[in-house]
Every structure is written in structure tokens, then in C-alpha cells.
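A look at the structure
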Amino acid sequence: MDSKRRGFLKSAAMAAAGSLVVGGKLPSAVRADQGVGELPVLDGLTWNKAPCRFCGTGCHVQVGVESGRVVAIAGDKAADVNKGLLCVKGYHVGGILYGKDRLTKPLLRKEGKLVEIEWDEAIEIIAKRIFESPNTFAFYGSGQWTIPEGYAAQKFMKGGLGNNHIDPNARLCMASAVTGFLATYGVDEPAGCYQDLDECDVLITWGNNPAEMHPVLFSRVTDRRSRGETVRIIDISTRRTRTSDAATDYLEMQPHGDVAISLGIMHLLIQNGSYDKSFVEKHCNFRGAEAETPTLQGEAISEEEFRNRIAKYTPEYVAELSGVPADKIRMLGELFGNRDIRITSLWCMGMNQHTMGTAINSLVHGVHLLSGHFGRPGDAPTSLTGQPSACGTVREVGTLAHALPGGRVVAKPEHRQQCEEFWNLKSGSINEVPGYHTVKMFEQFTKPTAEGGDITTLFVQVTNPGQTLPNLNALFNSKQGLENKFLIVSEVYPTATTQLADLILPAALWVEKNGMFGNSERRTQQWFKMVEPPGEARDDCWMTIAIAHKLFEMGHEGMKDKNGEFIFSIKDADGREIPIWEFEHYYDTNVDKHLFEEYRLFSTMKHKNLAPYDEYVKARGLRWPVVQQEDGSWRETRFRFSEFDDPFVTKGQEFEFYHSSSNDGRAQIWFHEYAPPPEVPDEDYPMWLCTGRVLEHWHTGTLTRRLSPLNRAMPTAYVEMNSEDAKAANIRQGERVIIESRRGTCELPVWIDGRGRPPRGTVFVPFFDETKLINTCTLEAHDPFSKQPDYKKCAVRVLKKSEAKVPS
Amino acid sequence: MTFSSEVVEHAATVELLRSIPELDIGESSGCRLAIVIDTDSQRRDREIWTAVQQLPGVVELAVAMVAFDDDGQQNDSQADC
Ligand code: SF4
């Protein structure tokens, strides 16, 4: 770096740091040309906005590009989400583009070896396999898909192929949050927003570690404390984490204890008469699961019946089930019974990766509804997402096996018809049978065809199931040796998934392409391509369109609309088709904009209204519903269902749940009976295993392990052990041990009382390390409604290496 | 940098910061102080970061901007394992 440029960047860094030191509050929506004043102006250096590529917090960064290369990253001061701050991952995000082992050429496995092929051949191979057997093809996507990528995949599969076997990795991370919202409000996604963190008096983290997983969000709360405000943080968890360190109260629960605790709070609210009678009478119904064949709809129960069912969940009984002392349950009951304070609940994987995921999500919503801690800034039950667009791409575009865009589902004839009309498809194009959810999809792919495994070609984009699926030996590794099973993987780097791939497609990453994400607070974000991808890496969205067009050329009827035109046809101003399926023409137009403008028509169906694409170009994201005002401007919504902010609430109602599943504008307060986890420690496997993430690495580490500072800070996965357990087993700090479950083994170094401190009988292992695949041990048991597996609890034993059997 | 109390109450720590040659001190306000670290290697970056984090009275470090040079080209997931 020359010294002039270095000097410039240094003074820019000082300006950026200085502005954080003296910075004040920013307006809620800002224009792209605001807030970048302090960034250095240098010949050849340009700055542009993008959301961070990593977590669902959705921080905005300013990306500095010089000579076609990302050279600097700054926190975006104009962004309401992060106000200029980034976490350790965010400020290194630019480096993810420059790992030296980037995939740059399509690779086909021939006689066991990967050989380079041309893109034309790769697209033809895929199209042929689909053409010959469209119903045995499945598409596995991601909450890291951009919104247009997910939308194109969705249209290609459900509209074009009439095949619903499309599901995302988000099934593994937030499906239970979706079913919880649907069961409670009749519509998905949080009512509140991050402003709740600025205004709550009490923050309850339910099996959630935002200090490491959503650090910038958590800093909004710790910052308030450093300014002298009092915020009580109550951490309910199965192990001590960095969030516990910052907490006022740490309540250590047993696995599934959250279910009992939420029932216990509701019991106390009812018993003490401290629930919000007026709110409940006006805005809520009570609901229980049907005795036979429970559904998300449930059945209405009276308040009396609810009282009867909840009566047994006394603080003492809850203490027995959860391990949290009765007086702490009473403390929670009292807090929720106090309407003078504001309480925000936060959760993420702890409540979602849970075989009672739908139940615990609904119960925590129920605690807030029953107590009236809902709908005022600071009073909110809020789920966070782990991926940058789990909300935008999966939940809103509906890239799940049963869903269609705009909150529609394939099972309903009127929904299919609406969707076919939007897409200008022949009636009956969309299949009415939901496709395979993630676990089922991989079961069907890894099972021999002769035994009923009816998925033969699987296309994986923007995700790494070879590392993240539970029970990897059964659900992924067993693909090996199955001759007629063909795995296509679009990736940026070699991963555990590409190891078994038959065809690897090199993908463009983050600012190497146009994109849009939707973060955890309903905020839709947009960015432009800033640098070229390396070698022959190409956009995932282009891949889908190119395959679709190849099928169109081959005469596949589904790739034509009612007028016989290609389903992804884009015309120029003179009405001439732009050949976007040819990569050299893909950027002749803004394909993202075309797809988004088509997609956003769906968004009004569930009052998730989106603004035109160009509005997102100007803003650092906008929270839906975004509604046009009389003066032509577009206004975002921070608090849904609350009259003071949500334009869809009928005047005078104060609150209105306008997608209520009981069709009366009310939310549902559910009762669910506590049930123990499906696998509990026993004599043979005496320890609980919990898995999760660490601050330095994002998910499977594909990107963050290529960032030297992060990799150096956290170079290897480990097993966290309680010191008493380690002592009893004669295990020393750093010793390598074998973690063994009924499904597999994993060798790891031991970290005793390390960053996280599990109680006796529990071990914790992060899953970011592709050299230590802990998901060989985890369990594929899943929630009956969301189909989301439980990665947080299964039974294992810890063996010293000398005790472990040598694998035969 | 965020200190546990007003920056002026941490004169000794600020003196220690001044002794780090790669570190420049900028504006302060209340408990907060702006600093810039400019080093030739990511290793040195890390060392300074860790050292600063452990100085008396320091409760938090937040990053406002990062610029990097061509070191990134050498990133490789296996390099440090
Ligand atoms: S908190 Fe999440 S979105 Fe924000 S910088 Fe860190 S990883 Fe990126």
C-alpha cells in the first residue's frame, strides 16, 4: 500500500472512530448519500453500501473498492441497525472474497476425479438430468440466498417444474420460529424491531447468546448500561456464556426447561390475577392442541380450561422439570405481572432447534400476550435469525417445501391459482402436494432408489449440508457409493459438501453480484455488484435461469408461460428479449430489479408490502410493511399490529392481529403440555451434548476460516467441559477426547471452564470446524410441525482416546 | 475504546496507550476514546488489540473501520490449522 493512500485511510479511520465516540442518534431511514462524509476521498477508491454477508442482524458496511478489489470496510454510520459499529466478523468481511482456494471453474467428477469442464457442458448436464426425470430432482437452498436468487429458484421449481422438492437450510435454523408465529398470530415474523432493545427495562435471553452470535445487537443494550441506564438482563440457558457474564440474573435450566418455565410464568400470572385482563379480553383467544392429529390451528379452549390445564405448573413443579429454583420462577412471574416495566424476550436457535420448537415459541409469545407485554416499544417477543436472509428469502419468498411467495401454500387451490396467475402459467402448473422438508429430502437422496429413495439429482446452492445436517453419517455421508445419485453443488470454496459432489459450480459471492437480503427485523436491504468474481465464478441466480432456459430449449413445457414465452423472459425498451441466460448478457439489465418487482406483487397478500426496488437503492433497508404515503414517499413500519405505527390496524382498535387464525383479529395464547426431550442421558451415554456457534466464526466456517485473524483467534473446534466432570474422568485441559453418540464420533480437544461453562453432565461443541464434524453425533429427531431438528440436546459419552475403540 | 468511567480518570492507561508506537490517539468524549492502530502485520494487530483490551479500566473495544492490504490473498482455511 503506498504511503499516501495509507495516510488517507488512517485519517479516515480516525474520523470514523471519532464519530463513533461523539456520535448521536440517527434518523430511522437515511438516504444512501448521507453518512458517508467521513470516508476517505481518494482517486480510484469508491465506497458503496452493502449489508454484512454474515448474520441475521443485518449490519450495513461501507465497502471501499480500488482497482476492482475490495480494499476497506467501514461500519456504516447511516445505518440504523448498527450505527457505524461492526463485530469482529463484520470488519473482516471484505477478506471473504480473497481466500486462495476460491473455486473458479466448473468441476465434474469423472472416475472419481474432479476435472474442469466448461459452463455450457455443466448447464447441459444438469438440464438433461432434470428433463429426463423432473420429479426426482430436488433443490436445497439457503437463508444466504439473496431474495432474487430464492425467488428465481422458487419459480423455477414450483412454477416451472411443478415440483415442490425445494427446501432451505433455514429449515435447520428458524422453521420453529415460523410455526410459532403462524400458530400465534396467523402470520410469520416479529411484530417488534431492534428499537425494542433500546427501550426495554428487562431483556430475557431464552437459550440465546447474542453477546457472541448477534454482538452488534447485544451492544445496543450494553451501550445503554455504559451510558448509565439500568437494563436488567436475565439469561436463561443450559450453560454459562458471554451473555451470562453480562446478565443481572443467570438461570441455569435443564434441556427443555424453557417449556416448563414459560408454563410456570403463565401459571403465576393467572393464579395471582396479574395478567392483563383487558388486553386478553380484547385481543386474545386461548388455544390447545387437538387430542388427535394436532395441527398448527389447534382448537379453541375457554379461559377456564386454560386455567385448569396450567394449574399444575406451580413454581415447585416447574423447578423440578427445569432445574430453575421456584423463587426465580416467582421472580419472572412478578416481572411479567408488572405493566410499568417493558420486557423484551430474545431467542434464536435454543428455542428453534428443539423437538418442542413450535410449542416453546408459541408459549413465549403466550407469556407476552397474557401479561400484556406486547406492542409497546420495548415490550416484545422477538426471534432472531442466524442467516442474513432467512427472513427475506426463506420466510417471505417462501422457499420452503410447502410454501409459495406471499404467505401462500401449495396445498390450497386458491393460493395455487393466484400464484399461477401472477406467473402467467397454465392452470394446474403448481403441484398441490408439499415437497420434502430438509431431513426427508436428504433421507430420500441418500437412500438407494431400489429401497424407495426417490430423489436422484440434488442441487445445493449457498449452503453446506455436508457439515450442518444432523446425524451426518445417515443423512449425508451415506450418499457415497450410490451410483445413480447425482449431487450438484454451487459453492465459493471447497467444503464438506463439495467432497461428495459430482458436479461443482463456482459461485460469485456477496459484492461480486447484485443482491438483496431481509434481516431479522423485517428490513429489506439492497446492494449492487462492486467487483468481478474470480475466474469463471458466476451468480447463483444466473445458474438457475440458465438451467431453466436450457430446459426451455429442450422443449420442457413448464419453462413456458401461457403465451409460450420463457418464464424468466426480460425484454428491453424496444421489446427485444435480453438473453440473460448467457452470462455475458446477464448484467445487460438489472435482473434482480426485474425479479424483485415481480415478486413484490405477492407481498401485499399478507400485508408484508414492499416498496419498489429503487427505494431500497436509496435506503439502508426498509422494514415492511412499507406503504406509500399521500405525498408519494414510502413509509416503513417498526411495530406491527399496534395502531400507533401499523397502517393496517383499524383505527380505534389499539391492537389488531389482522391475519388471526381464528378470523376475529385476535392472537392465540397456547397451552402445550411439557414433554421430555427425545433422547436423554443414560448409563451408556451419560452426558448432554449441545452444539452451536462462536463469535469468530460464522456457521460452517467456509468464509471465516479463510480470514486469518479470525482463524488465528479461534483455530479449532473444541469440547467445553465442566471442570468437575473432567476431573472425575481424569481428563486434562487440551487433551484430545472422543465424543461418541449412538450415531457417530468426533475427536476434539477439551476446553475446561473455557469461554462457555457448561454445568456438570453437559458438554458443548461448536460446529464451525470442517475437520471436526460434530454433526456426526447429533440427532435428526425434529419438531412435528416445523420439521426442524434438535441440535441442542442428545446423549453422548466422553472417552479418553485410550478408552476409545479403534474403528474397524 | 470504552472505559469504565470518564476517560480523564484513566490517565495512566492513556499514557500506556501513548507508548505503543503503532497507535494514535484521537478524540475523547465521556467514557469513550478514539484510537487508530496501523501495523504491518495482522499478528501485530492482534497483539495490540489483546494488550489494549487488557489495560486497566478498558471495558470494550469496538471497530469503526478496517483497511487491509494484499495479505488477504493468502487466506486459506488450512493455513493456520
Ligand atoms: S453482528 Fe452480524 S451482521 Fe453485524 S457485523 Fe457482526 S456478523 Fe455482520
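1. Examining the nonpolar core
Residue and element names in this part refer to chain A. Core analysis: the biggest nonpolar cluster contains 201 residues, and Val63, Phe156, Ile261, Phe306, Leu370, Trp510 and Val511 have the highest contact counts within it. Among the elements that make up this core, the one with the highest residue count is helix α9 (residues 257-271) (9 residues). Dropping the residues within four chain positions of it, tryptophan 510 is found in contact with Ala50, Pro51, Cys52, Arg53, Val61, Val63, Ile73, Val93, Gly94, Leu97 and Trp527. By size, the runner-up hydrophobic cluster in this structure holds 28 residues, among which are Val694, Tyr718, Ile752 and Cys794.

2. Focus on the environment of threonine 104 of chain A
Residue and element names in this part refer to chain A. Its place among the elements puts threonine 104 in the loop between β3 (69-75) and β4 (107-110). You can call threonine 104 partly exposed: its relative accessible area is 33%. Along the primary structure threonine 104 and proline 506 are separated by 402 residues, whereas in three dimensions their C-alpha atoms are 5.3 Å apart. Dropping the residues within four chain positions of it, threonine 104 is found in contact with Pro506, Pro534, Gly535, Glu536 and Ala537.

3. Describing a negative patch on the surface
Residue and element names in this part refer to chain A. A surface patch of negative charge is lined by Asp120, Glu121, Glu124, Glu582, Glu584 and Asp588. Among the elements that take part in the negative patch, helix α2 (residues 119-132) stands out by supplying 3 residues, more than any other. Along the chain, glutamate 582 turns up in the loop between α21 (540-553) and α22 (583-586).

4. Details of the site of the ligand
Taken together, Cys52, Phe54, Cys55, Thr57, Gly58, Cys59, Leu86, Cys87, Lys89, Gly90, Pro215 and Val216 of chain A make up the full set of residues adjacent to the ligand. Looking at the shell around the ligand residue by residue, the classes come out as 8 nonpolar, 3 polar and 1 charged.

5. Brief notes about the domain arrangement of chain A
All names here are of chain A. For chain A, the assigned domains are domain 1 (3-98), domain 2 (133-164 + 389-519 + 523-602), domain 3 (182-383) and domain 4 (687-800). On a C-alpha basis, the centres of domain 2 and domain 3 stand 36 Å from each other. At the interface, 4 residues of domain 2 touch 4 residues of domain 3. At the boundary of domain 2 with domain 3, the tally comes to 1 salt bridge. On the surface where domain 2 and domain 3 come into contact, there are 1 residue pair in polar contact (both at pLDDT 80 or more).

6. Considerations on the environment of valine 719 of chain A
Residues and elements named next belong to chain A. Within the element layout of this structure, valine 719 appears in strand β27 (residues 719-721). Sequence separation of valine 719 and threonine 691 is 28 residues, and the distance between their C-alpha atoms is 9.5 Å. In this structure valine 719 touches Val737, Ile739, Leu748, Pro749, Val750, Trp751, Val763, Phe764 and Val765, once residues within four positions along its chain are discounted.

7. A closer look at the packing of aromatic side chains
Residue and element names in this part refer to chain A. The full count for this structure, using the stated rule, is 40 aromatic pairs over all chains. Seen in terms of ring centroids, tryptophan 119 and tryptophan 542 are 5.2 Å apart; in terms of plane orientation they differ by 85°. Their pairing is edge-to-face. One end of the pair, tryptophan 119, is in helix α2; the other, tryptophan 542, is in helix α21, with 423 residues separating them in the sequence. Here the two residues tryptophan 119 and tryptophan 542 agree in accessibility, since each one is buried. Members of the aromatic cluster, each reached through a chain of ring pairs, are Phe181, Tyr185, Phe279, Phe374, Phe641, Phe648, Phe655, Phe657 and Tyr658. Between arginine 239 and the ring centre of phenylalanine 764, over which it is positioned, the NZ or CZ distance is 3.5 Å. Sitting over the face of the ring of tryptophan 542, arginine 538 holds its NZ or CZ atom 4.9 Å from the ring centroid.

8. Re the confidence of the model for chain B
Residues and elements named next belong to chain B. When pLDDT is averaged along chain B, the result is 78; 79% of the residues meet or exceed 70. Averaged pLDDT values over the elements of chain B bottom out at 69 in strand β5 (residues 65-67) and peak at 90 in helix α1 (residues 11-18). In the predicted structure, residues 70-81 sits below a pLDDT of 50 and forms 32 contacts with residues beyond four places in sequence or in another chain. The complex prediction reports pTM at 0.88, with the ipTM value standing at 0.87.

9. A few points about the pairing of strand β6 (residues 137-141) of chain A
Residues and elements named next belong to chain A. Across the 5 residues that make up β6, a large majority, 5, are buried. Burial along β6 is two-sided: the face carrying Phe137, Phe139 and Gly141 and the face carrying Ala138 and Tyr140 are both buried. Alignment of β6 against strand β7 (residues 166-168), held across 3 bridges, turns out to be parallel. Residue pairing across strands places glycine 141 opposite proline 168, the latter belonging to β7. Handedness of the crossover joining β6 and β7 through helix α3 (residues 147-161) is recorded here as right-handed.

Scoring rules and cut-offs
Residues numbered from 1 in each chain as written. Chains lettered and ligands numbered in written order. Predicted model: local features only at pLDDT ≥ 70, side-chain atom pairs only at ≥ 80, totals over all residues. Heavy atoms only, no water. Core = buried A, V, L, I, M, F, W, Y, C linked by side-chain atoms within 4.5 Å. Buried < 20%, exposed > 50% of the residue type's maximum accessible area, 1.4 Å probe, protein only. Helix = DSSP H or I, 4+ residues; strand = E, 2+ residues; numbered from the N terminus. Contact = heavy atoms within 4.5 Å. Patch = residues over 30% accessible without salt bridge, like charges linked within 9 Å, V, L, I, M, F, W, Y side chains within 5 Å. Areas by Shrake-Rupley, 256 points an atom, 1.4 Å probe, with all protein chains shown as cover. Salt bridge = Lys/Arg side-chain N within 4 Å of Asp/Glu carboxyl O. Lys, Arg positive; Asp, Glu negative; His and termini not counted. Charge placed at Lys NZ, Arg CZ, Asp CG, Glu CD. Near = heavy atom within 4 Å. Nonpolar A, V, L, I, M, F, W, Y, C, P; charged D, E, K, R; others polar. Domains from an automatic or database assignment. Polar contact = N/O pair within 3.5 Å; in protein donor to acceptor, adjacent residues only side chain to side chain. Phe/Tyr/Trp six-rings, centres within 6.5 Å; stacked < 30°, edge-to-face > 60°. Lys NZ or Arg CZ within 6 Å of the ring centre and 35° of its normal. pLDDT = per-residue confidence, 0-100. Pairing = 2+ DSSP bridges. Right-handed = clockwise from strand over helix to strand, strands pointing away.

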